[in-house]
Amino acid sequence: MSADTKGRKATSPAPVSPSLSHEGSVAAKGLEPRRRRRFGLAVLLVALALILLVFLFPGKRLEGEARSGSIDAYSVGDGAIVLAGEWEVLEESQASGGERRRFAVLPEKWAKPYGYAAYRLRVRDLDPKRSYALSTSYIDTSYRLWVDGSVLLSGGSPGRSEAETRSAYNASMASIPAGRTEVELKLEVANFVHLRGGPYRGILLGDQGYLRRYDTWSFVSELVTIGIMVSLSGIACMSALVRRSQSSLWYGLMCVSGAAGLFLLSPDFPAFRIFPDLSWDAYVRVSFSLVYLTPLWFFRVAASLFGGVSPKNAAIISLPAAALALLALVLPLKLVANANPVFMLNGLVLFALAVVIFGRAVLKSYPYARLLSLGFAVFLSIALGVLLFSNDRIYRGAFSALSFLYPLFGLGLSSSFPLDIASYVLAILSLNAFSVLFFIDAPKLEQPSPALAEPSGLERTRAKCEELGLSPREVEVTLLLLEGKRNKEIAEALFVSENTVKTHLARIFDKAGVKARSELFAIFAWR
């Protein structure tokens, strides 16, 4: 068989685009249907196993030095400590089931979520020459913190019944009166809405300057990340309008959801800092709705980029998440809070499906699949942290990409700030990984590339090959490569070994001045 005959045989089938669309025939290439199903099932099972492992792993609680209702502040120095450990129980929580306890280890989640409790802790060995401060995040769902008989910090109004309790989330910081060597803290907590219950967030005691710097930089880093998300969302929505790109639309919605979630749910609560009179009821409803929608955007981004799910099936799979988001806005809040663990299962399924789609794309060597999968992995870790980690193990909350390190390794407060910053950097890099869809001269990802789809495109492709100085055999390899074929398929089509194909590809890349298939696709992506 002559080289020309082989070339005609290799290029005679219906042209296949290297695009990532589920409508393109690339999705039909690669693995046989049975192997694809087996691979998808294997990845799904692995993802679910990992999720269950993390969910069932108890992790390490915040370790505090409080013993028998008192704690020494000598270790504070220029930093801060978490007031975790044994607090004296002043008034028994309804969540204790009637069992009397003299001490309770805070932070804790009540065995039964609803009730009222009061605790006391004596802080000794304060340096009278140093300025100290206390910092709290939200403590479900209302609290009041007294220092030597005076209210220093509060969120809402705790009461002994649901009628007497006004719920609110409020991250606050206040200075301890100067010149004292010992203070007595009293913490009142009431919760009649949320299933977590109890003071499940730690209280910080530290040098006033350190806490203010910590607070400022955390708040600024959150606002910067929110700003980047909003900017990329605007660019994505413009791309969706101009290019009629579905993946751009879903990516834009993902960025909007992420920015809103960070604005509402991050440990420093930018929403309440900027809008101190924000309705707690409306805030919680919108927060639940965002949590249910976030996995949906991830799934739709993955499906629109790499296929594997038909548009009709993708719409059907999306319906439960959309319904849950709507129910969170209209159902009684207490009912939504009680059903929240069950509702979360839908999000885990969507995340698992997205993992399967990204894994399949990487295995089939789709352009940019590895880069986008890395970005997806960072956001998945953030989402799983929100879903699976409770805050009695992570002081700053579970809204950072590296939050899983806290319970796994029992990291202390000293690790919190650098890990927060590293997490925000990872999130920003991940966002920009997805920006490859809009900012570089790459093939269109939703529409078949006309490099081989039309006779004129094929002629220009051959002309480009001659311009690059490719040999006849290298031209054949290039044409098959642009059809979306893998090395093994190219070898079978040309009746050569895979090593020979790799040698040809190395020479083609060298002559074209590229280092990856995606860059070669870009050269032949006729617009």
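Not measured: the values here are computed from a predicted model. (Residues numbered from 1 in each chain as written. Predicted model: local features only at pLDDT ≥ 70, side-chain atom pairs only at ≥ 80, totals over all residues. Heavy atoms only, no water.)

Draft legend 1. Up close: unusual backbone geometry. A cis geometry characterises the amide bond from Leu106 onward to Pro107, with omega recorded as -5°. Relative to the elements of secondary structure, Pro107 occurs in the loop between β4 (103-106) and β5 (115-124). We note that Asp125 has phi near 60°; this positive angle belongs to a residue other than glycine. For Asp125, the location among the structural elements is in the loop between β5 and β6 (132-136). Using a relative accessible area of 46% as the deciding quantity, one classes Asp125 as partly exposed. Positive phi outside glycine occurs at Asp148, with the angle close to 50°. (Helix = DSSP H or I, 4+ residues; strand = E, 2+ residues; numbered from the N terminus. Buried < 20%, exposed > 50% of the residue type's maximum accessible area, 1.4 Å probe, protein only.)

Draft legend 2. Representation of the packing of aromatic side chains. All told, the structure shown has nine aromatic pairs when counted by the stated rule. Centre to centre, the rings of Tyr210 and Tyr214 are 6.1 Å apart; their planes meet at 35°, and the pair counts as tilted. Residue Tyr210 and its partner Tyr214 are located together in helix α3 (residues 208-243), separated by four residues, close to a single helical turn. Residue classification places Tyr214 among the buried residues on the basis of a relative accessible area of 5%. Ring geometry for Phe298 against Phe351: centres 5.6 Å apart, planes inclined by 55°, an arrangement best described as tilted. Remark: Phe351 occurs in helix α8 (residues 333-363) and Phe298 occurs in helix α6 (residues 280-306); sequence separation between them is 53 residues. (Phe/Tyr/Trp six-rings, centres within 6.5 Å; stacked < 30°, edge-to-face > 60°.)

Draft legend 3. Structural detail: the side chain of Thr136. With respect to the helices and strands, the residue Thr136 is situated in strand β6. Under the relative-accessibility criterion, Thr136 is labelled buried at 3%. Within the local environment of Thr136, its side chain forms a polar contact with the side chain of Tyr143, the two groups lying 2.5 Å apart. Residue contacts for Thr136: discarding those within four places in its chain leaves Tyr143, Leu145, Leu153, Asn170, Ala171, Ser172 and Ile203. (Polar contact = N/O pair within 3.5 Å; in protein donor to acceptor, adjacent residues only side chain to side chain. Contact = heavy atoms within 4.5 Å.)

Draft legend 4. Quick look at the environment of Leu185. The topology assignment puts Leu185 in strand β10 (residues 183-191). Taking the relative accessible area as the measure of exposure, Leu185 reaches 1% and is therefore buried. For the pair formed by Leu185 and Ser150, sequence separation is 35 residues and the distance between their alpha carbons is 9.4 Å. Among all residues touching Leu185, those that are not within four sequence positions of it are Leu83, Trp87, Tyr119, Arg120, Leu121, Val123, Leu134, Leu145, Trp146 and Val147.

Draft legend 5. Summary view of the side chain of Asn191. In this structure, Asn191 sits in strand β10. Here the side chain of Asn191 touches Val193 through a polar contact of 3.1 Å, landing on its backbone nitrogen.

Draft legend 6. α8, seen in detail. For α8, built from 31 residues, the straight-helix expectation of 45 Å at 1.5 Å per residue is met to within 8% by its first-to-last C-alpha distance of 44 Å. Largest kink in α8: about 60°, centred on Asn340, with the proline Pro341 one to four residues after it. One or two residues past the end of α8 sits Ser365, with phi positive at roughly 60°. (Expected span 1.5 Å × (residues − 1). Bend = angle between axes of the 7 residues up to and from the residue.)

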